[in-house]
Amino acid sequence: MWYFRSPKNIVFGEDAISYLEDLEGKSVLLVTDSILMNLEIPQIVIKLLQKNNMNVTIFDEVNSEPTINMAEKGAKIASENEIDWIVAVGGGSVIDCAKSIWILYENPEMRIDEVFPEDPLPLRNKARLIAIPTTSGTGSDANWAVVITDTQTGQKLSIGHKNLIPDISIVDPQFTLNLPKHVTASTGIDVLAHSIEAYTIQWRNDFSNPFALQAIKTVFKYLPKAVEEGQNLKYREEMHNAATMAGIAIGNSQIGGAHALAHSAGAVLNINHGNIIAVVLPYMMRFCVEEEEVARLYSEIAYHIHLSFSTPKEGALKLIDKTEELIRNLGLKMKLSDFGVTKKQLEENMEKMCDFAINDTGSLVNPRDFTEDDIKKLYNEMF
Ligand SMILES: [Fe+2]
């Protein structure tokens with residue numbers, strides 16, 4: 001038995017944000033980061049909420065890597081203000097932090113690392129969650145995953161629970177118009193990684209596959225255009241929708257090994273998610289393609305993006321080449337050493353990286369099983 005889950009409402013397209021005009025409630029915790037506050041993006045949201053006489057309390061202390069400490073602080077503020085809506089305005093870090101605040105606000109006795117998919121997680125007794133993504137990448141607005149750093153150990157925790165899917169996702173492309181080229185590029189490759197992994201993972205299914213495939217087609221067609229012409233609302237809208245579709249795809253199947261290795265290396269070597277996933281994805285695809293079934297699935301994708309080939313393996317390899325070409329043409333780094341990582345640093349951290357990767361959710365159902373030795377080999381190849 002399997003379930004398909006997504007936000008109750010996904011409001012998308014131009015001016016989707018006006019949905020907030022009719023929102024009913026009393027008190028909002030607006031979760032965002034200081035960079036966005038300075039760009040005045042949250043002000044648009046605040047104005048709409050205040051039109052309805054809602055009290056808005058701002059928590060703008062999230063940075064690029066949300067931590068449990070931040071979530072605890074946000075939950076305390078939520079409690080002091082008896083909020084009934086949490087509105088997350090930002091990228092994946094902000095949305096993941098908002099989900100964590102939500103958990104702790106509703107369950108003050110709970111620790112974040114006690115969240116397990118099979119255990120009860122009471123939510124919506126005090127507040128509901130609206131996600132307004134401002135990057136086209138993580139898809140956190142549409143799924144039940146949270147990545148948050150445990151301040152004590154430095155490990156990135158990947159937790160998940162079906163109750164954590166936001167109630168409403170507002171996918172308005174206007175918020176992405178001013179994203180810098182490199183952010184558009186790296187977050188766009190994250191969308192590709194989500195959809196390729198969702199499409200090939202052992203938990204792939206008839207309901208997640210169409211979302212994954214549509215997102216893949218959109219990335220290959222529109223990501224270079226969105227990077228090149230950032231002010232083009234049509235290109236931005238295509239990528240913004242693709243990010244949420246890919247979020248639904250992984251939310252209803254699973255992330256895979258590329259994400260396991262990227263979470264681990266990203267945390268240990270301090271490289272942000274979009275940049276590290278661009279390094280890992282092609283290597284993990286070359287590792288996975290050795291499985292006949294994966295080659296067949298990659299060739300299905302190759303067919304849908306109009307690559308010509310005569311055997312599944314050839315199609316699969318062409319897809320990997322095409323993926324590498326896209327990453328290279330977008331100007332993203334493709335080796336760990338491009339980030340200044342030294343061989344010594346890699347060797348010193350290898351055990352820790354392997355340990356984190358093996359224990360990551362992404363290692364559960366990768367299309368090809370891997371051992372610690374495989375991971376070491378892959379990290380060395382990426383160097
Ligand atoms: Fe990702």
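Source: prediction; values computed, not measured.

Each helix and strand counted, the protein chain has 13 helices and eight strands in total. The C-alpha atoms of the protein chain give 20 Å as radius of gyration, which agrees with the globular expectation for 383 residues (21 Å, within 12%). Dimensions of the protein chain, computed from C-alpha atoms along their principal axes, come out at roughly 60 × 45 × 45 Å. When contacts within the protein chain are restricted to residue pairs at least 6 apart in sequence, those whose partners lie at least 24 apart make up 78%.

For the rest of this paragraph, the subject is the domain arrangement of the protein chain. How large an interface is tends to be reported as the accessible area lost when its parts come together. Domain parsing of the protein chain yields domain 1 (9-176) and domain 2 (181-382). Using only C-alpha atoms to locate each centre, domain 1 and domain 2 end up separated by 26 Å. Listed per partner, the contact involves 29 residues of domain 1 and 27 residues of domain 2. Of the residues that constitute the side of domain 1 that touches domain 2, the class distribution is 10 nonpolar, 16 polar and three charged.

It is worth spelling out the pairing of strand β5 (residues 128-133) at this point. β5 sits mainly inside the fold: five of its six residues count as buried. The β-α-β motif built from strand β4 (residues 85-90), the intervening helix α4 (residues 92-106) and the parallel element β5 has right-handed crossover chirality. Here β5 runs beside strand β8 (residues 168-171); their pairing, made up of two bridges, is parallel. In the strand pairing of β8, Ile130 is matched with Ile168.

Quick look at unusual backbone geometry now. Of note, the phi angle at Glu40 is positive, near 65°, even though the residue is not glycine. Here Glu40 is to be found in the loop between α1 (34-39) and α2 (41-51). Judged by local crowding, Glu40 falls into the exposed class, with 9 C-beta atoms found within 10 Å. Here the phi dihedral of Glu82 falls at roughly 45°; this positive angle occurs in a residue that is not glycine.

What follows covers α4. Its 15 residues place the ends of α4 21 Å apart at the C-alpha level, agreeing with the 21 Å of an ideal helix rising 1.5 Å per residue. Of all the 15 residues making up α4, 15 are buried; the element is thus mostly covered by neighbouring parts of the structure.

Interaxial distance between helix α6 (residues 209-228) and helix α7 (residues 233-252) falls to 8 Å at its minimum, and their mutual angle equals 150°. Accordingly, the angle class assigned to the pair α6 and α7 is roughly antiparallel. Note on packing geometry: the crossing formed by α6 with α7 is left-handed. Where α6 abuts α7, its residues Phe211, Ala212, Gln214, Ala215, Thr218, Val219, Tyr222, Leu223, Lys225 and Ala226 lie against Tyr235, Arg236, Glu238, Met239, Ala242, Met245, Ala246, Ile248 and Ala249. Residue classes in the contact of α6 with α7 are distributed as 14 nonpolar, two polar and three charged.

Judged by nonpolar contacts, the single largest core of 124 residues is most densely connected at Val31, Ile86, Ile101 and Val280. At 11 residues, helix α9 (residues 273-288) tops the list of elements feeding residues into this core. With residues up to four places along the chain from it excluded, the contact list for Val280 reads Ala258, Leu261, Ala262 and Met382.

Look at helix α10 (residues 292-304) against helix α11 (residues 312-329): their axes get within 7 Å of each other, and the N-to-C directions meet at 65°. The angle between α10 and α11 falls in the class roughly perpendicular. Where α10 crosses over α11, the two elements pack in a sense that is left-handed. Facing Ala295, Arg296, Tyr298, Ser299, Ile301, Ala302 and Tyr303 of α10, the residues of α11 in contact are Pro312, Lys313, Gly315, Ala316, Lys318 and Leu319. Tallied by class, the residues present in the contact of α10 with α11 amount to eight nonpolar, two polar and three charged.

The next thing to look at is the pairing of β4. When you tally the buried positions in β4, you get six out of six residues, the bulk of the element. Here β4 shows two buried faces, one formed by Trp85, Val87 and Val89 and the other by Ile86, Ala88 and Gly90. Where strand β2 (residues 27-33) meets β4, four bridges bridge the pair, whose relative direction is parallel. Within the sheet, the bridge partner assigned to Leu30 lies in β4 and is Val87. With six bridges joining them, β4 and β5 adopt parallel strand pairing. Of the residues in β5, the one forming a bridge with Trp85 is Arg128.

Cut-offs applied
Residues numbered from 1 in each chain as written. Predicted model: local features only at pLDDT ≥ 70, side-chain atom pairs only at ≥ 80, totals over all residues. Helix = DSSP H or I, 4+ residues; strand = E, 2+ residues; numbered from the N terminus. Rg over C-alpha atoms; globule rule 2.2 N^0.38 Å. Contact = placed C-beta atoms within 7 Å. Domains from an automatic or database assignment. Nonpolar A, V, L, I, M, F, W, Y, C, P; charged D, E, K, R; others polar. Buried ≥ 20, exposed ≤ 12 C-beta atoms within 10 Å, placed from the backbone. Right-handed = clockwise from strand over helix to strand, strands pointing away. Pairing = 2+ DSSP bridges. Expected span 1.5 Å × (residues − 1). Axes fitted to C-alpha atoms, helices over the stretch in contact; angles between N-to-C directions. Parallel < 35°, antiparallel > 145°, perpendicular 65-115°, else oblique. Left-handed = near helix turned anticlockwise from the far one by under 90°. Core = buried A, V, L, I, M, F, W, Y, C linked by C-beta atoms within 7 Å.

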